[in-house]
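Reading the structure
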Amino acid sequence: MITMRRSQERGKTKLEWLDSRHSFSFGDYYDAQHMGFSDLRVINEDRVDSGAGFPTHSHRDMEIITYVLEGALAHKDSTGTSSVIRVGDVQRMSAGTGISHSEYNASQTEPVHFLQIWIIPDETGWTLIAAKDGRDGSVTVHQDVDVWAARFSPAEQSSFPLKPSRSIWTQVARGTVTLNGVTLNAGDGAAVSQEEILEFKAVEDAEMLLFDLA
């Protein structure tokens, strides 16, 4: 079976300096039917005006691939890496437990056109604190449940893929986050079902627990 995702059906972000198309939910564009495909979370087609770009921002729990189609993109991150990505170049950045980076058009006269791709890694920055089998140093509990904990810096993002036939409860211990576009404040909890993936973004410093239940 072939399921088409036509160009004109994609989400859009249009700013003075940015024209972006989103194959899957991203930023202010949310479509429950297009949250990603398997471990592929984001394909953004971005066009950035000369001299403009994305100021320093943070990611975690994501493999980020940048592929330049036209022009040149200047990249700098908190690991000290600094480079200019040109036509045909591919750059991979592993956000892991957290990384900050910026991306700007390297030209003062020409636009840059590129694809940014996010893939969910097989290891995430969530810390397992309790589980039935006590794996990975977690405490043992006598129930089929995994309890995860995470701390976020402002604007930091994280994904949590759901396993089939599992139920999720999230509890915000402090701070404010968005969960699939819904704002949760300290003390708020949310039951999750019939979702393929959870997307968290911190509005401010935040800490939360996630209960993965049978």
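These notes cover the structure that comes with them.

What counts, and where the lines are drawn
Residues numbered from 1 in each chain as written. Predicted model: local features only at pLDDT ≥ 70, side-chain atom pairs only at ≥ 80, totals over all residues. Heavy atoms only, no water. Helix = DSSP H or I, 4+ residues; strand = E, 2+ residues; numbered from the N terminus. Rg over C-alpha atoms; globule rule 2.2 N^0.38 Å. Buried < 20%, exposed > 50% of the residue type's maximum accessible area, 1.4 Å probe, protein only. Contact = heavy atoms within 4.5 Å. Areas by Shrake-Rupley, 256 points an atom, 1.4 Å probe, with all protein chains shown as cover. Lys, Arg positive; Asp, Glu negative; His and termini not counted. Charge placed at Lys NZ, Arg CZ, Asp CG, Glu CD. Pairing = 2+ DSSP bridges. Core = buried A, V, L, I, M, F, W, Y, C linked by side-chain atoms within 4.5 Å. 1 Å grid on protein atoms, 1.4 Å probe; cavity = no way out; pocket = protein on both sides within 12 Å on 5 of 7 lines; lining within 4 Å. Points joined across faces, edges and corners; volume = space filled by probe spheres on them. Nonpolar A, V, L, I, M, F, W, Y, C, P; charged D, E, K, R; others polar. Phe/Tyr/Trp six-rings, centres within 6.5 Å; stacked < 30°, edge-to-face > 60°. Axes fitted to C-alpha atoms, helices over the stretch in contact; angles between N-to-C directions. Patch = residues over 30% accessible without salt bridge, like charges linked within 9 Å, V, L, I, M, F, W, Y side chains within 5 Å. Salt bridge = Lys/Arg side-chain N within 4 Å of Asp/Glu carboxyl O.

1. Focus on the overall build of the protein
From N to C terminus, the protein includes 0 helices and 20 strands. Relative to the globule expectation of 17 Å for 214 residues, the C-alpha radius of gyration of the protein, 18 Å, shows essentially globular dimensions. C-alpha extents for the protein along the principal axes are approximately 60 × 45 × 30 Å. Classification of the 214 residues of the protein by burial places 44% in the buried group. Within the protein, counting contacts between residues at least 6 apart in sequence, those at least 24 apart form 64% of the total. In the structure as shown, the protein presents an accessible area of about 11,600 Å², 50% of it carried by carbon and sulfur atoms. Each charge sign in the protein was given a centre, from 19 positive and 31 negative side chains, and these centres are 2 Å apart.

2. Concerning the pairing of strand β19 (residues 197-202)
By the criterion of burial, β19 is predominantly enclosed, with 5 of the 6 residues buried. Sheet analysis places strand β14 (residues 157-161) next to β19, joined by 5 bridges and oriented antiparallel. Note that in β19 the partner of Ser159 across the bridge is Glu199. Sheet analysis places strand β16 (residues 176-179) next to β19, joined by 3 bridges and oriented antiparallel. Pairing of Leu179 across the sheet is with Phe200, part of β19.

3. Brief notes about the nonpolar core
One finds Trp126, Phe152, Phe160, Val177, Leu198, Phe200 and Leu210 to be the most contacted residues of the largest nonpolar core, which totals 21 residues. Leaving out residues up to four positions away in the same chain, Phe152 has contacts with Arg60, Trp126, Ser158, Val177, Phe200, Ala202, Glu204, Asp205, Ala206 and Met208.

4. Some points on empty space enclosed by the protein
Evaluation of the coordinates by the stated rule reveals 1 cavity of 30 Å³ or more. Reported here for the largest cavity is a volume of approximately 30 Å³. Lining the largest cavity are His59, Arg60, Met62, Trp118, Gln157, Ser159 and Glu199. Here the residues of the lining of the largest cavity sort into 2 nonpolar, 3 polar and 2 charged.

5. Some thoughts on the packing of aromatic side chains
Inspection of every chain in the model, using the stated rule, returns 7 aromatic pairs. Ring geometry for Trp126 against Phe160: centres 5.8 Å apart, planes inclined by 80°, an arrangement best described as edge-to-face. Taken together, the residues span a long stretch of sequence, with Trp126 in the loop between β10 (112-119) and β11 (127-131) and Phe160 in strand β14 at a distance of 34 residues. Here a set of aromatic residues connected by ring pairs shows up, and it is made of Trp126, Trp148, Phe152, Phe160 and Phe200.

6. Looking at the sheet that holds strand β7 (residues 82-86)
Taken together, the 4 strands give an open sheet; going across it, the order is β4-β9-β6-β7, and neighbouring strands pair in antiparallel fashion. Two strands bound the open sheet, and with one partner strand each, they are β4 (53-59) and β7. Averaged over all adjacent pairs, the angle separating strand axes in this sheet is 20°, with direction ignored. Two elements, strand β6 (residues 72-77) and β7, share 5 bridges in a ladder whose sense is antiparallel. Following the sheet pairing, Leu73 is matched in β7 by Ile85.

7. Focus on a nonpolar patch on the surface
Residues Tyr67, Leu69 and Val90 make up a contiguous nonpolar surface patch of about 250 Å² in total accessible area. Relative to the helices and strands, Tyr67 resides in strand β5 (residues 63-70).

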